Amino acid sequence: MAFADLLEQVGSTGRFQVLHVTLLSIPIFMMASHNLLQNFVAVVPPHFCRAHSNLSQSGLGLEDTLLVTVPLDQTGKPHRCRRYVTPQWHLLGTNITSSPWGEVGFEDVVDAELQGCVDGWSYDMNERTSTIISDWDLVCDLHHLKQMGQTIYMGGVLVGSLVFGALSDRYGRRILLIFSYLMMAVCGTCTALSNSFSLFCLCRFGCGMALSGVVLNCLSLIVEWIPTRWRTVVGTLTGYCYTVGQLILVGLAYFIRDWRWLTLAVSLPFYIFFLYSWWFHESARWLALKNKSDQAIQTLQSIANFNGRHEEGKQIDTKVLEESMKKELSCTQSSYSVFDLFRTPKIRIMTGCLSAVWLSTSFAYYGLAMDLEKFGVDIYLIQVIFGAVDIPAKVIVAVCMSFLGRQPSQCGALIIAGVTILVNLLVPFDKQTLRTCLAVLGKGCLAASFSCCYLYSSELFPTVIRQNGMGWVSMMGRAGAMVAPMVLLTGDYVPWLPGFIYGGVPVLSGVAAIFLPETLGSPLPDTIQDVEERSTGTSSKMSPKEAVILRDTKENLRKPVA
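On a predicted model such as this, the values are computed, not experimentally measured, just so you know. (Residues numbered from 1 in each chain as written. Predicted model: local features only at pLDDT ≥ 70, side-chain atom pairs only at ≥ 80, totals over all residues. Heavy atoms only, no water.)

## Quick word on the overall build of the protein
On a plain count of helices and strands, the protein comes out with 26 helices and four strands. Taken across its 562 residues, the protein has 51% of its residues classed as buried. In the protein, of all internal contacts separated by at least 6 residues, the share reaching a separation of at least 24 is 81%. Surface accessibility of the protein: about 26000 Å² in total, with carbon and sulfur atoms responsible for 63%. (Helix = DSSP H or I, 4+ residues; strand = E, 2+ residues; numbered from the N terminus. Buried < 20%, exposed > 50% of the residue type's maximum accessible area, 1.4 Å probe, protein only. Contact = heavy atoms within 4.5 Å. Areas by Shrake-Rupley, 256 points an atom, 1.4 Å probe, with all protein chains shown as cover.)

Here it is, written out as structure tokens:
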């Protein structure tokens with residue numbers, strides 16, 4: 001009897017699983033709200049230097065005040081970061097009546113001395129009532145701090161994946177999930193109450209860590225309590241929870257225009273998640289592997305009773321549990337580490353190519369998703385479109401993976417995404433509709449690439465190092481997301497460079513994915529040797545040391561469980 005059979009005995013698709021998966025999936029709706037929150041709390045409102053203090057009693061209107069205090073930039077608009085040292089009163093005497101600026105250009109004030117915004121900035125808050133930009137003046141010389149804030153958040157996601165991944169294997173999924181809910185609620189609340197940008201970043205780092213804890217442990221508890229035949233369906237549905245979450249964020253941001261209240265709105269639900277998460281049951285599989293047989297049996301019997309299978313639950317004892325866990329225990333006898341991902345030729349190439357795929361997908365995805373203002377379209381509309389495009393994208397890539405195969409689907413999604421981003425560089429800025437369509441196509445392809453690489457990676461790595469492999473490529477993806485916001489800063493020096501990088505990286509990784517073997521219709525590999533011996537049309541030359549590693553691996557797997 002395998003553990004899957006034991007799960008069937010207590011009810012693998014009963015009332016417990018339905019309620020369990022539902023309660024675990026609800027918080028996923030709020031994951032997108034935190035990942036993409038900066039699109040709305042860090043909107044850069046139109047701004048210009050605050051007028052000189054001696055103008056407060058002049059009675060001038062806004063347009064006249066701008067005319068005498070703020071010069072034009074190279075595009076003919078009021079400069080955002082410079083003003084005249086002294087008001088240029090003579091500009092009020094121009095005969096131009098069509099506009100307060102009219103044709104007054106640099107030649108009229110070429111000798112006027114300029115200075116920075118020493119008295120601060122004035123903001124046009126028609127779109128949002130407040131943002132972190134307007135509250136802490138993150139403009140001009142400090143504009144790079146906006147991107148740094150998102151990078152710090154993504155750094156928290158990366159650190160959280162390392163910390164909570166290790167802790168959940170040691171202390172269990174349930175207790176870490178409960179702690180992650182509380183941490184997200186508290187850090188989100190503190191973010192909304194922050195009185196400085198430094199404190200804001202610190203709290204956002206905590207939110208990033210908590211998000212990793214929620215995602216890792218939610219998915220583990222979902223997967224470990226449902227049968228294999230339902231994992232694809234449930235995995236797809238939970239993926240759509242994130243997609244719908246993007247649309248929920250738009251609705252909240254549209255009606256809540258203050259960044260502090262918006263942050264509270266996406267954080268307070270986690271207090272509710274924290275309260276009901278105490279009902280969750282720990283993974284019986286994890287309890288058994290940690291030699292906590294009594295707790296595992298008690299948990300299984302509780303679930304059997306919940307599913308109305310009282311008699312079947314009474315039949316479970318220590319002997320039955322140990323018999324069902326033989327296969328899992330045998331896999332834990334051999335010790336593998338992340339270094340095994342680089343020791344043999346084909347695993348090494350595979351790990352390198354998958355690292356490139358994950359890094360570029362996440363890098364370009366967040367590069368597009370976190371820079372909505374550049375499209376010149378209403379940010380609420382573009383966020384709705386960006387969120388909705390994930391729905392057909394995931395359906396299309398699922399069909400392509402089933403009929404064309406994993407490799408062409410992965411390569412095609414990345415290359416098409418990269419090409420559309422590069423083509424967008426050639427489209428004039430005033431062609432907003434075309435630019436938006438290309439960006440949406442690229443975003444959809446990157447969402448499809450995400451769906452593909454999750455499945456493809458799990459099929460490529462052998463069982464004995466699958467967790468290590470998935471952990472490694474996930475870390476590469478988070479590193480890409482962390483770097484993505486900072487690339488936008490290169491646009492200060494070369495305007496087209498961020499788009500070139502965001503488009504070029506997916507194309508290169510799409511080419512790298514060509515070297516990955518196809519897995520459609522192939523059995524999952526169990527050992528490193530299975531991967532090395534997989535027929536790819538080329539022979540693999542291994543060093544004597546690598547041959548010894550493969551031989552030792554095979555011998556370890558043949559050893560009986562003590």
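## A short note on the environment of M486
Structurally, M486 is set in helix α23 (residues 466-487). Accessibility expressed as a relative area gives 29% for M486, which makes it partly exposed. Setting aside residues no more than four positions away along its own chain, M486 makes contact with Q147, M148 and T151.

## Remarks on unusual backbone geometry
A positive phi angle is found at D137, which is not glycine, with a value near 55 degrees. Along the chain, the position of D137 falls in the loop between α6 (132-136) and α7 (144-171). Classification of D137 as partly exposed rests on a relative accessible area of 25%. Non-glycine residue C140 carries a positive phi angle of around 55 degrees.

## Notes on the nonpolar core
In terms of nonpolar packing, the biggest core is built from 120 residues, with I132, Y181 and Y366 touching the most fellow members. Top element by residues in this core is helix α18 (residues 345-369). It accounts for twelve residues. Among all residues touching I132, those that are not within four sequence positions of it are V41, A42, D137, L138, F197, F200 and W259. In terms of nonpolar packing, the next biggest core, distinct from the first, is built from five residues, A393, V397, A448 and C452 among them. (Core = buried A, V, L, I, M, F, W, Y, C linked by side-chain atoms within 4.5 Å.)

## A word on the state of the cysteines
Counted by the stated rule, this structure contains two disulfides. Here C49 engages in a disulfide with C117; their sulfurs sit 1.8 Å apart. The disulfide joining C49 to C117 has a torsion of about -60 degrees about its S-S bond and is therefore left-handed. Within this pair, whereas C49 is found in strand β1 (residues 47-49), its partner C117 is found in the loop between β3 (114-115) and β4 (121-123), the two being separated by 68 residues in sequence. Between the sulfur atoms of C81 and its disulfide mate C140 the distance is 2.0 Å. What sets the handedness of the C81 and C140 disulfide is the S-S torsion sign, and at about -100 degrees it is left-handed. Linking C81 in the loop between α5 (62-69) and β2 (83-84) with C140 in the loop between α6 and α7, this pair joins segments that are 59 residues apart in sequence. The connectivity of the disulfides in the protein is 1-3, 2-4, where the numbers refer to bonded cysteines in sequence order. With no disulfide partner, C411 has as its closest neighbouring cysteine sulfur the one in C452, 8.7 Å distant. Of the residues examined, C411 reaches a relative accessible area of 8% and is grouped as buried. (Disulfide = S-S within 2.5 Å.)

## So, the packing of α18 against helix α22 (residues 432-460)
In contact at an axis separation of 9 Å, α18 and α22 are set at 150 degrees when each is read in the N-to-C sense. Compared by their axis directions, α18 and α22 come out roughly antiparallel. Note on packing geometry: the crossing formed by α18 with α22 is left-handed. Counting all contacts with α18, which are made through M350, L354, V357, W358, T361, S362, A364, Y365, L368 and A369, the residues of α22 involved are A439, G442, K443, L446, A447, S449, F450, C453, Y454, S457 and L460. The residue inventory of the contact of α18 with α22, partitioned by class, reads 15 nonpolar, five polar and one charged. (Axes fitted to C-alpha atoms, helices over the stretch in contact; angles between N-to-C directions. Parallel < 35°, antiparallel > 145°, perpendicular 65-115°, else oblique. Left-handed = near helix turned anticlockwise from the far one by under 90°. Nonpolar A, V, L, I, M, F, W, Y, C, P; charged D, E, K, R; others polar.)

## With respect to the environment of I316
Tracing the backbone shows I316 in the loop between α15 (310-314) and α16 (318-324). For I316, a relative accessible area of 3% puts it in the buried group. For the pair I316 and Q9, spaced 307 residues apart in the sequence, the C-alpha separation amounts to 9.1 Å. Beyond its immediate sequence surroundings of up to four residues, I316 is in contact with L6, Q9, V10, I297, L300 and Q301.

## Brief notes about helix α21 (residues 406-424)
Its 19 residues place the ends of α21 27 Å apart at the C-alpha level, agreeing with the 27 Å of an ideal helix rising 1.5 Å per residue. Those residues of α21 not exposed but buried are R406, S409, Q410, C411, A413, L414, A417, G418, T420, I421 and N424. Taken together, the buried residues of α21 touch α18, α20 (390-403), α22 and α24 (497-512). (Expected span 1.5 Å × (residues − 1).)

## Considering a nonpolar patch on the surface
Taken together, the side chains of V159, L162, V163, L167, Y171, I175 and W278 make up a nonpolar region of the molecular surface, amounting to roughly 600 Å² of accessible area. Of all the elements, α7 adds the most residues to the nonpolar patch, at five residues. (Patch = residues over 30% accessible without salt bridge, like charges linked within 9 Å, V, L, I, M, F, W, Y side chains within 5 Å. Salt bridge = Lys/Arg side-chain N within 4 Å of Asp/Glu carboxyl O.)

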